[in-house]
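Per-entry structural report
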Amino acid sequence: QVHVVESGGGLVQAGGSLKLSCAASGRTFSNYAMGWFRQAPGKDREFVASITWKSGRTDYEDSVTGRFTISGDQAKNTMYLQMNSLKAEDTAVYYCAVMIFVRADLRNPSTYDYWGQGTQVTVSS
């Protein structure tokens, strides 16, 4: 089993920056991926970014490309999301997720195995 905890959310002004972290504990696998998703009020949970640890491949949703950067320390099972140039539409609860074996589409939240509790990000305009 894997326990996932994300943190780092808060209130920032538009144009500001925020860094989220996600720590995974418990059993790990040689070929796994981690991803960030977000859910705004009245909206479905949507993909933000992901990283495949074995290959180092990263993927970003179009609206955050160039503004957000996903990174991490695999030895510590910790992932980060550096968010710059934040916009009001980035306001959401952000969730960290773990896929124990890379498969299917990493943009699909249904394919992930473990989830954190979420951390609120609010961007004021």
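This one's a predicted model, so the numbers in the text were calculated from it and none came from an experiment. (Residues numbered from 1 in each chain as written. Predicted model: local features only at pLDDT ≥ 70, side-chain atom pairs only at ≥ 80, totals over all residues. Heavy atoms only, no water.)

1. Some remarks on the environment of Arg67
Rule in force here: Labels follow the DSSP assignment, with helices taken as runs of H or I lasting at least four residues and strands as runs of E lasting at least two, numbered in each case from the N terminus. Note on definitions: a residue-residue contact is assigned when non-hydrogen atoms from the two residues lie within 4.5 Å.
The topology assignment puts Arg67 in the loop between strand E6 (57-60) and strand E7 (68-73). When the C-alpha atoms of Arg67 and Met79 are compared, they prove to be 17 Å apart, with 12 residues separating the residues in sequence. In contact with Arg67, not counting residues within four places along its chain, are Gln82, Met83, Asn84, Ser85, Leu86, Lys87 and Asp90.

2. Quick look at the nonpolar core
Definition in use: Nonpolar core, defined: a set of buried Ala, Val, Leu, Ile, Met, Phe, Trp, Tyr and Cys residues in which side-chain atoms within 4.5 Å join the residues together. Only protein chains enter the area calculation, which uses a 1.4 Å probe; residues under 20% of their type maximum are buried, those over 50% are exposed, and those in between are partly exposed.
Ranked by size, the top nonpolar core spans 30 residues in total, and within it Met34, Trp36, Met79, Leu81, Met83 and Tyr94 carry the most contacts. Broken down by secondary-structure element, the contributors of at least two residues to this core are strand E1 (2-7), strand E3 (18-26), strand E4 (33-39), strand E5 (46-52), E7, strand E8 (78-83), strand E9 (92-99) and strand E11 (119-124). With residues up to four places along the chain from it excluded, the contact list for Met79 reads Leu20, Ser21, Cys22, Met34, Gly35, Trp36, Ile51, Trp53, Ile70, Ser71, Gly72 and Cys96. Counting residues in each nonpolar core, the second largest holds 7 residues, with Phe37, Phe47, Ala97 and Leu106 among its members.

3. Some remarks on the pattern of salt bridges
Should their charged atoms come close, side chains of opposite charge can pair. Convention followed: One side-chain nitrogen of Lys or Arg within 4 Å of one carboxyl oxygen of Asp or Glu is enough to make a salt bridge.
Taken as a whole and judged by the stated rule, the model has 5 salt bridges. Across the pair Asp90 and Arg38 runs a salt bridge whose closest N-O atoms are separated by 2.9 Å. Here Arg38 lies in strand E4 and Asp90 lies in the loop between E8 and E9, a separation of 52 residues in the sequence. Residues Asp90 and Arg38 agree in their burial class; the two are buried. Close ionic contact of Arg107 with Asp59 constitutes a salt bridge, the shortest N to O distance being 2.8 Å. Taken together, the residues span a long stretch of sequence, with Arg107 in the loop between E9 and strand E10 (114-115) and Asp59 in strand E6 at a distance of 48 residues. Its relative accessible area of 33% is what places Arg107 among the partly exposed residues. Look at Asp59 and you get buried, because its relative accessible area is 18%. Among the charged side chains, a salt-bridge network with shared partners connects Arg38, Glu46, Arg67 and Asp90.

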